[in-house]
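# Working through the structure, step by step
What follows is the residue order along each chain.
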Amino acid sequence: MEEPATRQFSTSEDDFHPGDDSSDNGSIRKRCDPLVQSQRSKLQHRRAGINQQINKEMRMRAGAENLFRATRNNKVKETVALELSYVNSNLQLLKEELEDLNSNMEVYQTDSDTVNVPMIPLGLKETKEVDFTIPIQDFISEHYGEDSLLYHEEIKELTELRQAMRTPSRNQTGLDLLMEYYNQLYFLDQRFFACHGTLGVHFHWYDSLTGVPSCQRALAFEKGSVVFNIAALYTQIGARQDRSTVSGIDRAIQAFQTAAGTFHYLKENFSNAPSLDMSGPSLCMLVRLMVAQLQECVFERTVLTTQDAHFLPLLCLAQEAAQVSDRYLSVQQAMSQPLMKDYVPFSWASVVHVKSEHFRALAHYFAAVALCEQMLSEEDVNAEEEAEKSFLHFYVDIPAEPPVPMLLRDPQKRRKLGKAHLRLAVMRHEEALRVHGLCKILRKMDILQDILSVAHKRSLEKYSEMDREDDFDETAEAPEIQPASRLKPDIIPANFSTVQVKDIFQRLGPLPVFCARARWVPARPICLPRTEGGLGLTLRGDSPVLVAGVVPGGCAAEAGLREGDYIVAVDGQDCKWAKHAEVVNMLKNCSDKGVELSVITLHSHDAQVAKRAFMVSHGGNKENSLQRVLGVAKGKSSASLLNWNRKKKREGNATSKRPGSTFSLSFGSLRDTEGMY
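On a predicted model such as this, the values are computed, not experimentally measured, just so you know.

Definitions and limits used
Residues numbered from 1 in each chain as written. Predicted model: local features only at pLDDT ≥ 70, side-chain atom pairs only at ≥ 80, totals over all residues. Heavy atoms only, no water. pLDDT = per-residue confidence, 0-100. Contact = heavy atoms within 4.5 Å. Helix = DSSP H or I, 4+ residues; strand = E, 2+ residues; numbered from the N terminus. Buried < 20%, exposed > 50% of the residue type's maximum accessible area, 1.4 Å probe, protein only. Axes fitted to C-alpha atoms, helices over the stretch in contact; angles between N-to-C directions. Parallel < 35°, antiparallel > 145°, perpendicular 65-115°, else oblique. Nonpolar A, V, L, I, M, F, W, Y, C, P; charged D, E, K, R; others polar. Left-handed = near helix turned anticlockwise from the far one by under 90°. Phe/Tyr/Trp six-rings, centres within 6.5 Å; stacked < 30°, edge-to-face > 60°. Lys NZ or Arg CZ within 6 Å of the ring centre and 35° of its normal. Pairing = 2+ DSSP bridges.

The next thing to look at is the confidence of the model for the chain. With 76% of its residues at a pLDDT of 70 or more, the chain shows a mean pLDDT of 79. Between residues 1-27, whose pLDDT stays under 50, and residues either more than four places distant or in other chains, the model counts 53 contacts. Below a pLDDT of 50 lies the segment residues 33-38, which in the model reaches 7 contacts outside its immediate sequence neighbourhood of four places, other chains included.

Here it is in C-alpha cells:
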C-alpha cells in the first residue's frame, strides 16, 4: 500500500484549465488549507460560523417549543414565549446576515481591470467533520474478521481526504479534489454499506443559502452534497473569468455549461432531498440561472467577435440580447414560485430582474442602430435579399404594414421604427436602474451601476438626436424582437472519470468478493500434505483464486476443501490479490510437510451469484460483471452512485458505468486460468 501523500498548502489560485489532469493524489489536495485567509476563504469561514449559530438557535427554539407545549404553568408559558421571541429575533438577524454574505458577488468576480457585468456564483455547502475511525474499525472486525488496527493508515487517509475537500481551491485542482472524494465514496459504499444498512456515521451538511442544517446516515446524502459543491465550484470558476477576451469567455462558457449540467444531473437523480437547496424547485432554478449566465457569455462573445457593425450583424446582436433577456425572465419566473420566493436572496432576484430589463433594452438599442444608421445598398441585390429574409424573422409578430421590402427601402419609415425601438430601450434602461436602486446590496456594486448608467446614457443620447422639434408624427409601437442565438451550447455534467482513484481499502481484497453485500463463513485453515498423486483440486480465476472442483477421495477433499472455496492465504502469505499462476507456484513450491491454506466460503446465494459472475466475466471486467449479476439477483441497480431516493425512471439502469471506478480485474480466457493440481 502506498503511503498517503503529504499535503502541502499554498494561497495561490490558478486559472481554470479543464484539460489539465493530475494523477498524483497529493497534488490534488494542495492549496486546500482552511487556514488560508484569502478574501473568499474569509467569506466562507464567516458563513460557516453563522451556520453553526443558526444550528444552535434552532435547537434552542425546538427545546423551548417542546417545553411550551408540555407545561401547564401559565407563568412558565409566558417566560418560554418571551424566550421564543428572542430566539426568533436572533434567527431573523442571522438569516439576514447570511443573506448579505450570499449576496457578496464581488469577491468571486475577476480581479482584472476590465468592466464586466457581475455574475451570480453559488457558495459551497458547509459540513461538519466526520470521524470514520470507530465505525469502520468495528465493521472490519465484525464483517471482514480482520484486525482493524492494521487499517489505521487507510482510515486516516480517508479522513484527511474528506477534511481537504471541505475547502477546495477555486480552480481545476479544487474540482479534482472534490471528484476524487466523490469517486472514493463508491468504494466506501461497496466496502462498508450493506444493502438497506448504514455504517452508523452521521453526515451533517448546511443549506447553501439559509444555513439550515441537515443530518442523515445515508451515504447518498453525502454523495449528493459533494456533487452540489462540484456544481457550485464551477459557478465560482465561471464568475472569476476575465471576459474581456475570447479565451476567457470560452472558459466561462464551459464552467457555466458544466455547472448547469451537474445541477441538472442532481435534479434528475434525487428526490425528497433533506435540504431545500437540493430540492427539485431549487435545482431547476439553479439550472435556469446557469443557462442564463451561459447565454450572457455567448452574447459577450458575439459582441467581441463582431467586426463590422452592418445591418445583419446588428440584427444578430439584437436577437442575441433578446435571448439573454428571455433566459433571465425564465429564471425570474422560477424564483417567484411559492417555495422559492422567500428562499432565494433578494439581491439574486434583483440582479436577475435587472439583467432581464438591461438586455431587453440592449436588444432594442441594436435594432434601432441597424434601422437608423445602416442603409442598404441598392446596387448589392444579394445583400438586400438577405436583409429582407433576416428581417422577416426578426420580430415575434411581423407588422402587416408597411411590407418589409418597402420598410427597408424607405428611410423615413425606418427612422420612425428605429425611434420606437430607442424609446423602448430608454424605458427598459430606466426600469433596470429603478430595480437596481431598490436593493441596498446592489447599490454597493459600483461596476453594475456604471454599466447600467453608461448603457442608459447611450440610448438616451441617441434618442435625443432623433427626437427633432419638427417631428409631429405619432410615435410608433416597436414590435417585440424574436429571441435567437446562433450558438446554442448544450449543458454537460461534470466528467468524474477524469480523476482516477485507487480504493483506499484495497488491502481488504478484491471488491467483487470482499464487499459489504457479500456474506461468507469465517476463514478456516486447510492443511494439505504433499503427496505424489497431487492435491486433487481444480483452480480457476484470479484475485482471489477459486476452487472450481475437488476430486472425491482426494487429498483436498479429505482435508475439508470444498468446491466454491476462495483461497485467501497460502502458508500465512496473503494471496487475495494473487494471480492464478502465483498461487499455483506457491502450491508447487511448498515444503515436504505440505501446505496450509486459508479459505473462505461464500453463503449459498452469494456463491451462486459469484459463480455466474465468473462465467459472465469471460474475457471481460470481473468487477463490472459481478455487479451486473448482483444487480439482477437483488432486483435493484447497484450501478449508480446516487441510489438514495432515486427516481423510478432510473431504477432499471442496472448496467450503467460507475463514474470514477478504475477497477479492472480481467480473468482472461478460462482455459488459461483453470487447471487441475
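There is more to say after this.
On to the environment of Val 583, then. Relative to the helices and strands, Val 583 is located in helix 19 (residues 580-588). Of the residues examined, Val 583 reaches a relative accessible area of 0% and is grouped as buried. When the C-alpha atoms of Val 583 and Pro 544 are compared, they prove to be 9.3 Å apart, with 39 residues separating the residues in sequence.

Our focus in this paragraph is the packing of helix 4 (residues 133-144) against helix 6 (residues 172-192). Look at helix 4 against helix 6: their axes get within 11 Å of each other, and the N-to-C directions meet at 45°. By the criterion of interaxial angle, the relationship of helix 4 to helix 6 is oblique. Contacts from Ile 136, Phe 139, Ile 140 and Tyr 144 in helix 4 reach Leu 188, Arg 191 and Phe 192 in helix 6. Partitioning the contact of helix 4 with helix 6 into residue classes produces 6 nonpolar, no polar and 1 charged.

Turning to the packing of helix 6 against helix 7 (residues 219-239), a few remarks are in order. The geometry of helix 6 relative to helix 7 is characterised by a closest axis approach of 10 Å and an angle of 165° between their N-to-C directions. When the axes of helix 6 and helix 7 are compared, the pair comes out roughly antiparallel. As helix 6 packs across helix 7, the resulting crossing turns out to be left-handed. Contacts between helix 6 and helix 7 involve Gly 174, Leu 175, Leu 178, Met 179, Tyr 181, Tyr 182, Leu 185, Leu 188 and Asp 189 on the former and, on the latter, Leu 219, Glu 222, Lys 223, Val 226, Val 227, Asn 229, Ile 230, Leu 233, Tyr 234 and Ile 237. Partitioned by chemical class, the residues of the contact of helix 6 with helix 7 number 14 nonpolar, 2 polar and 3 charged.

With that settled, consider the packing of aromatic side chains. The final tally for this structure, using the stated rule, is 17 aromatic pairs. Ring centres of Tyr 144 and Trp 520 lie 5.8 Å apart, and the angle between their planes is 50°; this geometry places the pair in the tilted category. Placement of the pair is Tyr 144 in helix 4 and Trp 520 in strand 3 (residues 520-528), with a sequence separation of 376 residues. Its relative accessible area of 13% is what places Trp 520 among the buried residues. Ring centres of Tyr 365 and Phe 366 lie 5.7 Å apart, and the angle between their planes is 65°; this geometry places the pair in the edge-to-face category. Owing to a relative accessible area of 12%, Phe 366 belongs among the buried residues under this scheme. The structure contains a cluster of three or more aromatic residues connected by ring pairs, namely Phe 139, Tyr 144, Phe 192, Phe 505, Phe 514 and Trp 520. The ring of Tyr 151 carries Arg 507 above its face, with NZ or CZ at 4.5 Å from the centroid.

Right, let's talk about the pairing of strand 2 (residues 213-216) for a bit. With 4 bridges joining them, strand 1 (residues 203-206) and strand 2 adopt antiparallel strand pairing. Across the sheet, Tyr 206 pairs through a bridge with Pro 213, a residue of strand 2. What sits between strand 1 and strand 2 in their antiparallel hairpin is a turn of 6 residues, with Gly 211 showing a positive phi close to 80°.

Here the focus is unusual backbone geometry. For the bond running from Ser 543 to Pro 544, omega is -5°, close enough to zero to count as cis. Relative to the helices and strands, Pro 544 resides in the loop between strand 4 (537-540) and strand 5 (545-550). For Ser 543, which is not glycine, the phi dihedral falls at a positive 45°. The residue Ser 543 is located in the loop between strand 4 and strand 5 in this model. Using a relative accessible area of 4% as the deciding quantity, one classes Ser 543 as buried. For Asp 571, which is not glycine, the phi dihedral falls at a positive 50°. Mapped onto the secondary structure, Asp 571 falls in the loop between strand 6 (565-570) and strand 7 (573-574). The partly exposed category is assigned to Asp 571, whose relative accessible area is 46%.

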